Amino acid sequence: MAMKGAIVVDRERCKGCGVCMVNCPVQVIGLTKEVNAKGYPICYMANPEECTGCTNCATVCPDSVITVYRVKV
Amino acid sequence: MDVKDIIKPENKVYGKCPVMTEKVLHYCPGCSHGTIHKLLAEVIDEMNIQDKTIAVSPVGCSVFAYNYIDIDWQQAAHGRACALATGVKRLCPDKYVFTYQGDGDLAAIGTAETIHACNRGENIVVILVNNAIYGMTGGQMSPLTLEGQVTSTTPYGRKIELNGYPLKITNLAAQLDGTCYVTRQSVQNAAAVRRTKKAIRKAFENSAQKKGTSLIEVVSSCNSGWKLSPIGANKWMEDNLFPFYPLGDLKDK
Amino acid sequence: MAEKLLMKGNEAIAIAAIRCGCDGYFGYPITPQSEVMETLMEEKPWETTGMVVLQAESEVASINMLYGGAACGKKVMTSSSSPGISLMCEGFSYMAGAELPCLVANVVRGGPGLGSIQASQADYFQAVKGGGHGDYQLIVLAPNSVQEMYDFVDLGFELAFKYRNPALILTDGVIGQMMEKVELRPEKPRWTDEEIIKLHGSWATTGKTKDRPQHAVTSLALESAVLEKFNLKLIEKYKQLNELEVRFEKINCDDADYLIIAYGSASRVCEKAVELARNEGIKVGLLRPITLYPFPTKAIQDMVKQLKAIITVEMSAGQMVQDVRLAVNGAIPVEYFGRLGGIIPTPEEVVVALKNIIK
């Protein structure tokens, strides 16, 4: 059974540090070109189809901006 | 499957801990403090001890820790957190008491308070965030700064003949009979974060069992103090701090 | 009949602490006050009232253990002597800044530096003008008998909690070491957890429950406007103290032409000096400040019209005399007589000094 996941990012709280990005085992996450009100780029699912909902990104996020959802498919 | 079908409340597997407040953390992007705060909040939430926990914040970047973890806090003078925690725990023995301190706070100005609280075996948890630098005051040398490490007060690198040796305070604490659990952890990747959380949980359980002092050193990054990117700082930490401050349990009794 | 016991001043502090419901004592040994902690350890109050007694690694640690306890709404105290009090000044400032109540006894010895272990009043400035950094005041009580050493423990706690401010008993080696009869007051039980929440639940760190917001006890206010507002609040608190809590004693003042002002053990010497001078026909009275902060400024001002001169008698180089001069504001001469280095002035010396200002 495979897992399918997705993340939701609190865009205004994200500081674009990229720690989630390098911790994603399947390279789902990228950083936006545009910035939020604080001037930071925002992490987002660049390859959403690859996400397994492993929670690594949210686990390492220092600012608790990532919520992870997961379903069995 | 469409992303919209996945993002439903019943499918949520990880989110912001309810014991964290809504305030935006003032820390620099990628700073380890936020991750460690979150782990403490998660452990407090999972143990259901929000109303039984009293924490002591230091002087340093985490002076405002009380803005982020939604429990009762006392803010200490520089270095004195373990003395405050002693007062709290002795007078409120049923409470979970932890201090949250940086390496400058705990291992320079607060060495005496730290060592003696550990030596008395106070049933408290001491969290040492070691980023080998004074972050808040602008990146000066701390006792835990590495040999050769450039800081604003060691612009040509820390020199042993001038500044002495980096202080392995955690090893020192492990030698004391009053400590029951001394460990060195980190939070730069998911596995490390999960190990640190386990360590925090164990430390809180130790104080409930009156086993003595638990000290958790979290080897951390200070990307702005080190003048590196958040990811570059984590890499530098792995390459330079980990060899000198190796991760793992130093004591578990 | 209330029970009366013969005891040392330092012992009286310890016994009073146990009997007035103190929750914790944290201290570090230093002469001439070590009997306070020794008596507490001997009495083992943790087996009776549940009071905690802990020997800390330093005075710095002691005062910060007080911070921790006080922030939980507990009645906490320490005692020390001059050099140890210097170390505690950081803590006083933080506790005043965090509006935390506590009780500290300074059994003063001669200074500066390591000085001597003999009685002195040279820490007056440190006690009433701050000691630590920032705009703050301690509530300062000056006992002149062993009975007052006992009574001011309870009074000190009462004022400390009423104003949420550290209170200091400023005494010295003479009163700390001398033995007198003490009438024991009725015992007060320690506050229960429920009482603490009822009395101090609006600010103390008693554990954040669902029905109230988090409590963060801190003296930090990075925004200038916020800190100014807080400083104004403190000023208001000190104003209240000056209006409501001034305590002093007057002896033979009704017809006095001259006034001696002295506190603590110096006031005991001056009581005798007044008697000797009156035997020689000199109309002199004694005003003894019991609270050194708030200072009995108005009581002194009220007497200025009837007086020709004032002399302060102090076991210091002349510290309180400055506050008396401020009160009198040049209306009449204000002189000082004192002995230093741990020497206690004799009543005869005081009379000579008094005659010198009359000349």
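Residues numbered from 1 in each chain as written. Chains lettered and ligands numbered in written order. Predicted model: local features only at pLDDT ≥ 70, side-chain atom pairs only at ≥ 80, totals over all residues.

### Remarks on the interface of chain B and chain A
Turning to step 1, where the next piece is worked out: Residue-level contacts link 29 residues of chain B with 29 residues of chain A.
Turning to step 2, where the next piece is worked out: Of all the secondary structure elements, the ones that give two or more residues to the side of chain B that touches chain A are helix H1 (3-6), strand E1 (12-14), helix H2 (32-47), helix H8 (190-208) and helix H10 (230-244) of chain B.
Turning to step 3, where the next piece is worked out: Partitioned by chemical class, the residues of the side of chain B that touches chain A number 17 nonpolar, seven polar and five charged. (Contact = placed C-beta atoms within 7 Å. Helix = DSSP H or I, 4+ residues; strand = E, 2+ residues; numbered from the N terminus. Nonpolar A, V, L, I, M, F, W, Y, C, P; charged D, E, K, R; others polar.)

### Notes on the interface of chain B and chain C
Turning to step 1, where the next piece is worked out: Each partner contributes residues to the interface: chain B has 29 residues there, and chain C has 32 residues.
Turning to step 2, where the next piece is worked out: Among the elements that make up the side of chain B that touches chain C, the one with the highest residue count is helix H3 (residues 81-91) of chain B (eight residues).
Turning to step 3, where the next piece is worked out: Partitioned by chemical class, the residues of the side of chain B that touches chain C number 14 nonpolar, seven polar and eight charged.
Turning to step 4, where the next piece is worked out: Of the pairings in the sheet, the one linking strand E3 (residues 72-75) of chain B to strand E9 (residues 216-217) of chain C comprises two bridges and is parallel in character. The partner of Gln74(B) across the bridge, within E9(C), is Val217(C). (Pairing = 2+ DSSP bridges.)

### Looking at the pairing of strand E2 (residues 24-27) of chain C
Regular strands place side chains that alternate from one sheet face to the opposite one.
Residues and elements named next belong to chain C.
Turning to step 1, where the next piece is worked out: Neither face of E2 is open: one carries Gly-24 and Phe-26, the other Tyr-25 and Gly-27, and all of them are buried.
Turning to step 2, where the next piece is worked out: Relative to strand E3 (residues 52-55), E2 runs parallel, the two sharing four bridges. Within E3, the position partnered with Gly-27 by the bridge is Gln-55.
Turning to step 3, where the next piece is worked out: One crossover worth recording links E2 to the parallel E3 by way of helix H2 (residues 35-43), and it is right-handed.
Turning to step 4, where the next piece is worked out: Both E2 and strand E4 (residues 76-80) contribute to a ladder of two bridges, which runs parallel. Residue pairing for E4: Tyr-25 is matched across the bridge by Met-77. (Buried ≥ 20, exposed ≤ 12 C-beta atoms within 10 Å, placed from the backbone. Right-handed = clockwise from strand over helix to strand, strands pointing away.)

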